[in-house]
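Spelled out from the first residue to the last, the chains are:
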Amino acid sequence: MRDGVITGRCSATKWAMTISGATYLFTSTALASPPQHRTGTHHPAHHHRPVITAKPETIRVGGSHLQRLRATAGTVNVMSAKKLRELNITSPKDIAAYTPGLTAVNATSGSTPLFSIRGIGLDDFTGNNMGGIGIYQDGVFAPYPVFYTGQMFDTQTVSVEKGPQGFDYGRSSTGGNISVESTRPGHHFGGYLDWGYSSYGTNTARAAVDVPISKTIFNRTAFSYINGGGWQRDIHTGRHYGSQDQLGLRNLTQFLIDDRSSLLLNIHYTRDRGTPQSPQDTDGDALNNRPNRTISVGSNARYHDVNVGGDRASRDENGGGVSINYTHRFDVGTFTSTTGFDAFRRNDYDNYDGESLSIGDYHWNDTSLAQSHDMHFRTTFAKRVRLSVGVYESYDKINGAYTGLRSDLLGIPNGNLTNHFVQQNISTGVYLNTVTKIVRGLDFIASGRYSYDDRGYHGGTIDQGGAFTHAGGAISSLDDHHRYSRLTGRVGLRYTIAPGTLIYGTISNGYKAGSYFAGAVSAASAQSYVRPENMVAYEIGAKTSLLNNKLQLEGSLFDYEYHNRQTLFVAEMPKTTSLTLGSLPRARTRGGELSGTFHNLIPNLDLNSSFAYLDAKATRGTSSINGLPLLSNVGRNSALPFAPRFSWSAVARYAINLPSDYRMTLQASYSWKDNMLLELGDPNGKSSKISSMGLRMEVGPKSGKWVAAVYVDNLLNRHGNSYSYTGNDNSRVQYIQTPRWIGGNIRYNF
C-alpha cells in the first residue's frame, strides 16, 4: 500500500461512511488471481492465491482521513463533493447555511467573505487581516481573505473543525479551521462535463479530466466558469449590478516516486471581473444641505433597487499559485510535507455607502503574497500511543492603497482619504499531539504548541483634498513592529463506548496574532496596533454511528472565555463616523450543537439536519476604542458579533426508481439563522433573520453516467438584510440576500 494507493490486481467492493450529514463511498479491495484457464480440473488453492503483477492497478482509498475526523475529540462537520452539488454550493460562504455554528457574509460589495465559527472569526472588512479561524485550500494556509474568494469547483470535501486548532497541522487559531480539499487525480482516464443555466442569464460551465501520463504519473485538470447578468438595478441609470464573470483553473499532478513515496503538484489560477453587488441606503436624503439630490433608494425600496448613479463599481481580481505535497511512509510512521506559494492582485471599486454620491465609497488596490511550509510526522508506538509532531512556518506580505471616496461628505472636489501601507508577517510554530490508550476504550489526549509571530506595519492615511490638513498632508503615520510568542495546549479524555460510539471532553486554549486596521480614517489613533487574541475553550460531546452507519448523530456543549477579542467597532471621528479595529477586554460564548444523518432507514430516503445555539456576550463593556468614543456604548452583557442565538437546517432526499433502469431524486432543503449583531458600537449593525428554502429534482440512469437537474433556491423569495452598518454620514446601509434563483444543469461522467 502506498499511502492511500493499493497496488496489485484488485477486485473491489464499496462501503459507505456518513459524517455530519455527508455520505462518502470508499473502496475496500481484495487481491485476486488472474483468470484461470481450466482444462477440466479445478485447483482451489491456485484460485485463491494472491498474485502481484508487474503492472500495478491503482485504486484510491480516502477513508483514513475521514476516519480520523470521525474519531476526533471535537466537533467536525464534513460536506462531500456530492453534497456540495446537491445543495448548489459554488462559493465558500455558501457552506455556512448547512453547517451548524458557522456564519459567512460578504462585508463589502466585493467578493471577500467573512467567516465565523461559534462567533469567532474575521470582523475586519479591509483585507489585510486573517481571522480567528484558519482557512486551508489543499493543505495550504490562506492568510488573507482574497485567497479564498475564488469559486469552489472540483472539490472533494469541505471540513469544518471547531475549537482552538494548530496542534495537528498549520497555524494557531482560536475558533477552528475550514479545510477545502480538491479532487485528487484518478489512475484511469475519465472525468465529467457539467453545464448549467439559471436566473439572470447565468451560464455555468465546469469540467475535469483525469489523464494517466505513465504508470507512475497521473494528472487531473479542472476548470470552472460562471458568467451572468446582475440581479440588482440602478434606479436612475438602469444599469445592473451583482453580475458574475468568474474563471477558475486547477491542475493536479501526482507522482508515485516509489512504493513508499508520492508527490502531488498543484497549480491553480482564479480571476473575477464581475460587477459588485451594491448595498442600499434606505434613510432618504441623509445630507440635508443637498435637498435637490436623490441619494438613497428610500425606506420602501424594492429588494433589487440600488442607487449607484455615476459612481464607479467594478471588480478586477486575479491570482494563483503552486503547492507541493510530499508523503513518505516509513515502517514506523508517515512523514508529510506541504509547501505553498500564492499571489493575488485586487483592484476593486465599491459603492460601499449605497448612495449615488461619494459619501463612503471605497477603492481597494492591493497585492498579496503568501508562502507557507508545514511538515509533520505521525506514528504509533507500543500499540498504545499515537504521536503527531510537526513544524510550521509562513511569510506573507500585503502592499495596498485603500481609498475612501468622500468628496460629497467632506464638501470638496478631491475629498478622498488614502491609506498607503505595507504589512509583513512571519509566523512559526512547533506542535505536538498525543493520544494515549489508558485502558480499553479510554484515551488521554495531550497537545501543545509553541507559536512565534513577527508582524510589521508601515503606512498612514493621506488627506488628498485638504479637509483635515493641507492637500496631500498626512493624517496618520505608523511605522510599527511587534514580536510575540505564545504557548497553547489541549488536554482531554475520549471514551469509546462501542465501535462507532464515543464521548469526549477537552480543555484547550487558542491564540491569534495581533493586527492593524488598514482602512482610510480621519483619526490617527484608529490605526493603532491591536493586541493578540486569546481564548480558553471547554467542550464535551458525543458521536455515534448505529445500524450499519444508517444513523449518525453528533452533539456538543461548549464554553469559550475570551481575552482581548479582536473585533470591529464604530467610532466617532473628525467629520465622519467610521469603523476601526480594536480589542474587547473580556467576553464569553456558551452554546451547543447537534447534527444528525438518517440514511435509508426508510428505503430510498435520506435526512440530514443540524441545530446550533449560541449565547455570546461581552463580560466587560467599553465606551471608547483607542481614545475614540463609540457611536453606541458596549455594555456588559452586550451581544457579540456574528453569533446568531439560534440556527438550524434540514435536507431531505427521496429516490424513486423509474422504468428502464432510471432514477428520479427529489430534494427539499431549508436553512434558518437568527438575527445577529455585525459590529460593536453600531446601532444599525444588526442583520435580520435569514431563511431560505430550496427544491431540486434530478433524473438519470442508475449507472450515474449522466444526471439532469432542475432547482430553485430561496423558493419563498425572502429578502432579508444579511449585513448592515452605519455609513460615514450616520445613515443606515444594508445588503440584501440573493433573491429567488431558478436553474438547471446536466452533468455527464466519462
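Chemist: With reference to specific residues and values, describe the overall build of the protein chain.
Modeler: A tally of regular secondary structure across the protein chain gives 4 helices and 43 strands. Buried positions account for 56% of the 750 residues belonging to the protein chain. When the accessible area of the protein chain is evaluated, it comes to approximately 29,700 Å², of which 56% is carbon and sulfur surface.

Chemist: Run through the sheet that holds strand β17 (residues 240–241), naming residues and quoting values.
Modeler: The 3 strands are arranged β17-β16-β21 in an open sheet whose pairing can be described as mixed. The open sheet terminates on both sides in strands that have one partner only, identified here as β17 and β21 (305–306). When strand β16 (residues 232–234) meets β21, the two strands line up parallel, connected through 2 bridges. Residue pairing in the sheet places D234 in a bridge with V306 of β21.

Chemist: How would you sum up the pattern of salt bridges? Please name residues and give values.
Modeler: A complete count under the given rule lists 29 salt bridges for this structure. Of the charged contacts in the structure, one is a salt bridge between R220 and D154, with a shortest N-O distance of 2.8 Å. Taken together, the residues R220 in strand β15 (residues 217–228) and D154 in the loop between β10 (140–141) and β11 (155–162) connect sequence positions 66 residues apart. Salt bridges sharing partners connect three or more residues here, namely K82, K83, E86, R653, R696 and E698.

Chemist: Account for empty space enclosed by the protein, naming residues and giving values.
Modeler: With a probe scaled to a water molecule rolled over the atoms, the places where space remains empty come into view. Taken as a whole, this structure holds 12 cavities of 30 Å³ or more when the rule is applied. Counted as a void, the largest cavity has a volume near 490 Å³. Taken together, 34 residues line the largest cavity, and the ones lying closest to its centre are Q137, F147, Y148, G150 and H268. Secondary structure elements with two or more residues in the lining of the largest cavity: β9 (133–137), β10, β12 (176–182), β18 (244–256), β19 (261–272), β22 (317–329) and β23 (333–350). For the lining of the largest cavity, the element with the highest residue contribution is β19, accounting for 4 residues. Grouping the amino acids of the lining of the largest cavity by side-chain chemistry returns 21 nonpolar, 10 polar and 3 charged.

Chemist: Explain the side chain of R346 residue by residue, including any values.
Modeler: Following the sequence through the fold, R346 ends up in strand β23. Take R346: its relative accessible area is 2%, and that puts it in the buried class. Within the structure, the side chain of R346 is placed 3.3 Å from the backbone oxygen of T126, a separation counted as a polar contact. Within the local environment of R346, its side chain forms a polar contact with the side chain of Y402, the two groups lying 3.4 Å apart.

Chemist: I'd like a description of the packing of aromatic side chains, backed by residues and values.
Modeler: Taken as a whole and judged by the stated rule, the model has 26 aromatic pairs. Ring geometry for F611 against F646: centres 6.2 Å apart, planes inclined by 40 degrees, an arrangement best described as tilted. One end of the pair, F611, is in strand β34 (residues 605–620); the other, F646, is in strand β37 (residues 646–658), with 35 residues separating them in the sequence. On the basis of relative accessible area, F611 is assigned to the partly exposed category, the value being 36%. Note on F646: relative accessible area 35%, which makes it partly exposed.

Chemist: Hey, could you go over the sheet that holds strand β20 (residues 280–281) for me, with residue numbers and the actual values?
Modeler: Taken in spatial order, the 3 strands make up an open sheet running β20-β42-β41, and their pairing is antiparallel. Unpaired on one side and paired on the other, β20 and β41 (721–726) mark the two borders of the sheet. Bridging between β41 and strand β42 (residues 732–736) involves 5 bridges; their strand directions are antiparallel. Within the sheet, the bridge partner assigned to T726 lies in β42 and is R732.

Chemist: Explain the confidence of the model for the protein chain to me, using residue names and the numbers behind them.
Modeler: Chain-level pLDDT for the protein chain is 87 on average; 89% of the residues reach the 70-or-more range. Contacts from residues 1–63, a stretch scored under 50 in pLDDT, to residues over four places away or in other chains number 128 contacts. Contacts for the low-pLDDT stretch residues 286–293, under 50 throughout, to residues beyond four places or in other chains number 16 contacts.

Chemist: Describe the pairing of β23, listing the residues and the values that go with them.
Modeler: In this structure, β22 lies alongside β23, joined through 13 bridges in antiparallel fashion. Following the sheet pairing, I324 is matched in β23 by T339. Between β22 and β23, which pair antiparallel one after the other, the connecting turn spans 3 residues.

Chemist: Describe in detail unusual backbone geometry, supporting the description with residues and values.
Modeler: Phi at N88 takes a positive value of approximately 55 degrees, unusual for a residue other than glycine. Checked against the element boundaries, N88 lands in the loop between α3 (81–86) and β6 (102–106). Notably, D661 is not glycine yet its phi reads approximately 65 degrees, a positive angle. Here D661 lies in the loop between β37 and β38 (662–673). Of the residues examined, D661 reaches a relative accessible area of 48% and is grouped as partly exposed.

Chemist: Lay out the nonpolar core in plain terms, naming residues and giving numbers.
Modeler: Ranked by size, the top nonpolar core spans 84 residues in total, and within it I95, L102, F115, F125, I178 and L584 carry the most contacts. By residue number, the principal contributor to this core is strand β32 (residues 551–573), which donates 8 residues.

Chemist: Which residues make up the environment of N717, and what values do they have?
Modeler: Along the chain, the position of N717 falls in the loop between β40 (706–713) and β41. We classify N717 as buried; its relative accessible area is 19%. For N717 and P739, which are 22 residues apart along the polypeptide, the C-alpha to C-alpha distance reads 5.3 Å. Among the polar contacts listed, one links the side chain of N717 to the backbone nitrogen of R740, at a separation of 2.8 Å.

Chemist: Summarise a nonpolar patch on the surface; cite the residues concerned and give the values.
Modeler: A cluster of nonpolar residues, I438, V439, F444, V491, L493, I507, V536 and Y538, forms a patch on the protein surface that exposes about 620 Å² of accessible area. When you line up the elements, I438 lands in strand β26 (residues 416–439).

Chemist: Tell me about the environment of V435, and name the residues and values.
Modeler: In this fold, V435 is placed in strand β26. When the C-alpha atoms of V435 and R494 are compared, they prove to be 9.2 Å apart, with 59 residues separating the residues in sequence. V435 has contacts with R384, V385, R386, D443, F444, I445 and R494, leaving out every residue within four places of it along the chain.

Chemist: Please set out the pairing of β37 residue by residue, giving values where relevant.
Modeler: Here β34 runs beside β37; their pairing, made up of 9 bridges, is antiparallel. Within the sheet, the bridge partner assigned to S610 lies in β37 and is S649. In textbook terms, the turn of a hairpin is the stretch between consecutive antiparallel strands, and for β37 and β38 this stretch comprises 3 residues, one of which, S660, has a positive phi near 60 degrees.

Chemist: Help me get a handle on the side chain of D154, residues and values and all.
Modeler: A relative accessible area of 9% places D154 in the buried class. Reaching out from D154, the side chain makes a polar contact with the side chain of R220 at a distance of 2.8 Å. Among all residues touching D154, those that are not within four sequence positions of it are S182, T183, Y192, A208, R220, A222 and R250.

Chemist: So what's going on with the environment of P113? Residues and values would help.
Modeler: Positionally, P113 belongs in strand β7 (residues 113–117). Classification of P113 as buried rests on a relative accessible area of 3%. Sequence-wise, P113 and P145 are 32 residues apart; in three dimensions their C-alpha atoms are separated by 6.7 Å. Those residues in contact with P113 that sit more than four places away from it in its chain are K93, V105, N106, P145, Y148 and T149.

About the thresholds
Residues numbered from 1 in each chain as written. Predicted model: local features only at pLDDT ≥ 70, side-chain atom pairs only at ≥ 80, totals over all residues. Heavy atoms only, no water. Helix = DSSP H or I, 4+ residues; strand = E, 2+ residues; numbered from the N terminus. Buried < 20%, exposed > 50% of the residue type's maximum accessible area, 1.4 Å probe, protein only. Areas by Shrake-Rupley, 256 points an atom, 1.4 Å probe, with all protein chains shown as cover. Pairing = 2+ DSSP bridges. Salt bridge = Lys/Arg side-chain N within 4 Å of Asp/Glu carboxyl O. 1 Å grid on protein atoms, 1.4 Å probe; cavity = no way out; pocket = protein on both sides within 12 Å on 5 of 7 lines; lining within 4 Å. Points joined across faces, edges and corners; volume = space filled by probe spheres on them. Nonpolar A, V, L, I, M, F, W, Y, C, P; charged D, E, K, R; others polar. Polar contact = N/O pair within 3.5 Å; in protein donor to acceptor, adjacent residues only side chain to side chain. Phe/Tyr/Trp six-rings, centres within 6.5 Å; stacked < 30°, edge-to-face > 60°. pLDDT = per-residue confidence, 0-100. Contact = heavy atoms within 4.5 Å. Core = buried A, V, L, I, M, F, W, Y, C linked by side-chain atoms within 4.5 Å. Patch = residues over 30% accessible without salt bridge, like charges linked within 9 Å, V, L, I, M, F, W, Y side chains within 5 Å.

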